[in-house]
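Now for the letters of each chain:
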Amino acid sequence: MSTAFSLAPLFRSSVGFDRFNDLFETALRNEPGSSYPPYNVEKHGDDEYRIVVAAAGFQEEDLDLQVEKGVLTISGGKREASNDSVTFLHQGIAQRAFKLSFRLADHIEIKSAGLSNGLLSIDLLRVVPEEAKAKRIPINGAQRQPALQN
């Protein structure tokens, strides 16, 4: 039995929603290792969001943030061992490399990013330009177009 299904019927009556298809396919794909490091996605208002990544053991120079084609990528690399004389009896703080990707909606911009107490916080803001906001279209009932003649 296959768990794959087509979303094509949903898109027959829509125009310009190609990215939703990608979102559904990404959500349905079970990617192993996508739970490290743990993270929260928070909404702080109508147009304000925050992504908080638990980056214990990482420093600012170990982390990299990039936005390309509407995808925010957060990656962290393992630091070189600075003190070779340390022998871990138990190492519970993982410092393995990771890569998280978040598809950003239209008009979402990165406002700021900061690392404090082992948490990487990325503040996002939705900035919708005037030309993209909803417009009311008046219906002019007094002036009707003449009917087409055969």
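No experiment lies behind these values; they were computed from the predicted model shown. (Residues numbered from 1 in each chain as written. Predicted model: local features only at pLDDT ≥ 70, side-chain atom pairs only at ≥ 80, totals over all residues. Heavy atoms only, no water.)

Trainee: Explanation requested: the overall build of the protein chain in the structure shown.
Mentor: Across its full length, the protein chain carries two helices and seven strands. Put simply, the protein chain runs from its N terminus to its C terminus through helices and strands in the order α-α-β-β-β-β-β-β-β. Taken across its 150 residues, the protein chain has 16% of its residues classed as buried. By sequence separation, contacts in the protein chain at least 24 residues apart represent 53% of the contacts at least 6 residues apart. Looking at the protein chain as shown, the accessible area adds up to about 12,500 Å², and 51% of this sits on carbon and sulfur atoms. (Helix = DSSP H or I, 4+ residues; strand = E, 2+ residues; numbered from the N terminus. Buried < 20%, exposed > 50% of the residue type's maximum accessible area, 1.4 Å probe, protein only. Contact = heavy atoms within 4.5 Å. Areas by Shrake-Rupley, 256 points an atom, 1.4 Å probe, with all protein chains shown as cover.)

Trainee: Before we go on, may I ask you to explain unusual backbone geometry in this structure?
Mentor: Unlike most non-glycine residues, K69 shows phi in positive territory, near 55°. Structurally, K69 is set in the loop between β3 (63-68) and β4 (71-76). Judged by its relative accessible area of 77%, K69 falls in the exposed class. The phi angle at N117 is positive, at roughly 55°, despite the residue not being glycine. Mapping N117 onto the fold places it in the loop between β6 (108-116) and β7 (119-126). On the basis of relative accessibility, which here comes to 76%, the residue N117 falls in the exposed class.

Trainee: Looking at this structure, how should I read the side chain of D123?
Mentor: Among the secondary structure elements, D123 is positioned in strand β7. Excluding residues within four positions of it along the chain, D123 makes contact with Y49, R50, E109, I110, K111 and S112.

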